[in-house]
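In case you want the letters, here they are:
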Amino acid sequence: MTQTLPPRTGPYEDLRERVAVRPRRSLPRAGARGMIGAMAMSGLRQFTTSIGLVGKVPPESVLERTVPRLVRQVPRQQRPAIVELTHWGYGAFGGVLFGLLPSRVRGRPWAGPIYGAAFWAVFEAAIAPALGLPRHPRTAVERLALLADHLLYGIVVGASPWPHQEKPAED
């Protein structure tokens with residue numbers, strides 16, 4: 001069942017209203033789709049890394065930069081698991097953000113791939129510099145490989161009928 005909010009004003013009012021009128025299961029499902037998309041990305045990235053197209057993966061760089069002491073406390077053989085869990089968390093968050101987009105956007109076949117590409121671009125242009133991640137020169141092939149796995153993420157996030165065919169929850 002959906003609910004309506006009393007009229008308010010402010011810069012986030014549209015977002016508040018969209019979240020409040022969604023079926024309660026839609027955002028957790030969007031988060032699950034994002035996590036599954038991140039898992040798919042991880043598989044593709046494992047391939048591109050193992051054949052030498054990609055050097056250090058961005059989630060590993062983020063962890064080493066933001067929580068180096070914590071990373072050093074984790075035994076070396078378990079660090080890949082921490083990197084993966086962190087990546088899946090990023091993916092879930094991104095899925096929730098996708099779920100907050102208006103249904104008329106989410107329902108378009110191009111929405112997922114564009115969202116994935118935009119997620120990659122925002123990381124490269126804003127998040128990585130804000131975190132002070134070292135800017136090593138990436139080859140065109142490495143950039144294309146990273147873009148490809150973000151396109152895959154977007155395809156997975158946007159492919160499910162859940163975001164645009166949700167039925168209202170019954171109380």
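### Some details on the overall build of the protein chain
On a plain count of helices and strands, the protein chain comes out with nine helices and zero strands. Taken across its 171 residues, the protein chain has 35% of its residues classed as buried. When the accessible surface of the protein chain is split by element, carbon and sulfur atoms take 65% of a total near 10400 Å².

### Brief notes about the packing of aromatic side chains
What describes a pair of aromatic rings is the distance from one ring centre to the other and the angle between the planes of the rings. A full pass over the atoms with the stated rule returns three aromatic pairs. Look at F119 and Y153: their rings are 5.9 Å apart centre to centre, the planes differ by 35°, and that puts the pair in the tilted class. Here Y153 lies in helix α8 (residues 140-159) and F119 lies in helix α7 (residues 111-131), a separation of 34 residues in the sequence. Among the aromatic residues, those joined into a ring-pair cluster are F98, Y115, F119 and Y153.

### Some words on helix α5 (residues 79-100)
End to end, α5 covers 32 Å across 22 residues, agreeing with the expected 32 Å (1.5 Å per residue, within 8%). Within the span of α5, buried status applies to V83, T86, H87, G91, A92, G94, G95, F98, G99 and L100.

### Side note on the nonpolar core
Among the nonpolar cores identified, the biggest contains six residues, and these are M41, F98, A111, Y115, Y153 and V157. Going through the elements one at a time, α7 and α8 are the ones with two or more residues in this core.

### A closer look at the layout of surface pockets
Considering only enclosed or pocket space, the largest pocket measures out at about 470 Å³ in volume. Lining the largest pocket are 22 residues, with V57, E60, R79, P80 and V83 sitting closest to its centre. Put simply, the parts of the chain that give the lining of the largest pocket at least two residues each are α2 (26-50), α3 (58-66), α4 (68-73) and α5. When residues in the lining of the largest pocket are grouped by element, the largest group, six residues, is from α5. For the lining of the largest pocket, the per-class residue count stands at 11 nonpolar, five polar and six charged. Quantified by volume, the second largest pocket comes out at close to 390 Å³. Forming the walls of the second largest pocket are 18 residues, and the residues nearest its centre are Y90, F119, F123, I127 and H150. For the lining of the second largest pocket, the elements supplying multiple residues, two or more each, are α2, α3, α5, α7 and α8. A total of six residues in the lining of the second largest pocket trace back to one element, the largest contributor, which is α7.

### Looking at the pattern of salt bridges
Within the structure shown, the criterion is met by two salt bridges. One salt bridge connects R45 with D149, and the closest N-O pair in it is separated by 2.8 Å. Within this pair, whereas R45 is found in helix α2, its partner D149 is found in helix α8, the two being separated by 104 residues in sequence. A relative accessible area of 6% means that R45 is categorised as buried. Across the pair R143 and E124 runs a salt bridge whose closest N-O atoms are separated by 3.4 Å. Placement of R143 in helix α8 and of E124 in helix α7 is noted, with a sequence separation of 19 residues between them. With relative accessibility at 30%, the residue R143 sits in the partly exposed group.

### Quick notes on the confidence of the model for the protein chain
Of all residues in the protein chain, 76% attain a pLDDT of 70 or more, and the chain-wide mean is 80. Predicted confidence is poor over residues 167-171, with pLDDT under 50, and the contacts of this stretch with residues over four places away or in other chains come to 12 contacts.

### So, the side chain of R106
Tracing the backbone through its elements, the reader meets R106 in helix α6 (residues 103-106). You can call R106 buried: its relative accessible area is 3%.

What counts and how
- Residues numbered from 1 in each chain as written.
- Predicted model: local features only at pLDDT ≥ 70, side-chain atom pairs only at ≥ 80, totals over all residues.
- Heavy atoms only, no water.
- Helix = DSSP H or I, 4+ residues; strand = E, 2+ residues; numbered from the N terminus.
- Buried < 20%, exposed > 50% of the residue type's maximum accessible area, 1.4 Å probe, protein only.
- Areas by Shrake-Rupley, 256 points an atom, 1.4 Å probe, with all protein chains shown as cover.
- Phe/Tyr/Trp six-rings, centres within 6.5 Å; stacked < 30°, edge-to-face > 60°.
- Expected span 1.5 Å × (residues − 1).
- Core = buried A, V, L, I, M, F, W, Y, C linked by side-chain atoms within 4.5 Å.
- 1 Å grid on protein atoms, 1.4 Å probe; cavity = no way out; pocket = protein on both sides within 12 Å on 5 of 7 lines; lining within 4 Å.
- Points joined across faces, edges and corners; volume = space filled by probe spheres on them.
- Nonpolar A, V, L, I, M, F, W, Y, C, P; charged D, E, K, R; others polar.
- Salt bridge = Lys/Arg side-chain N within 4 Å of Asp/Glu carboxyl O.
- pLDDT = per-residue confidence, 0-100.
- Contact = heavy atoms within 4.5 Å.

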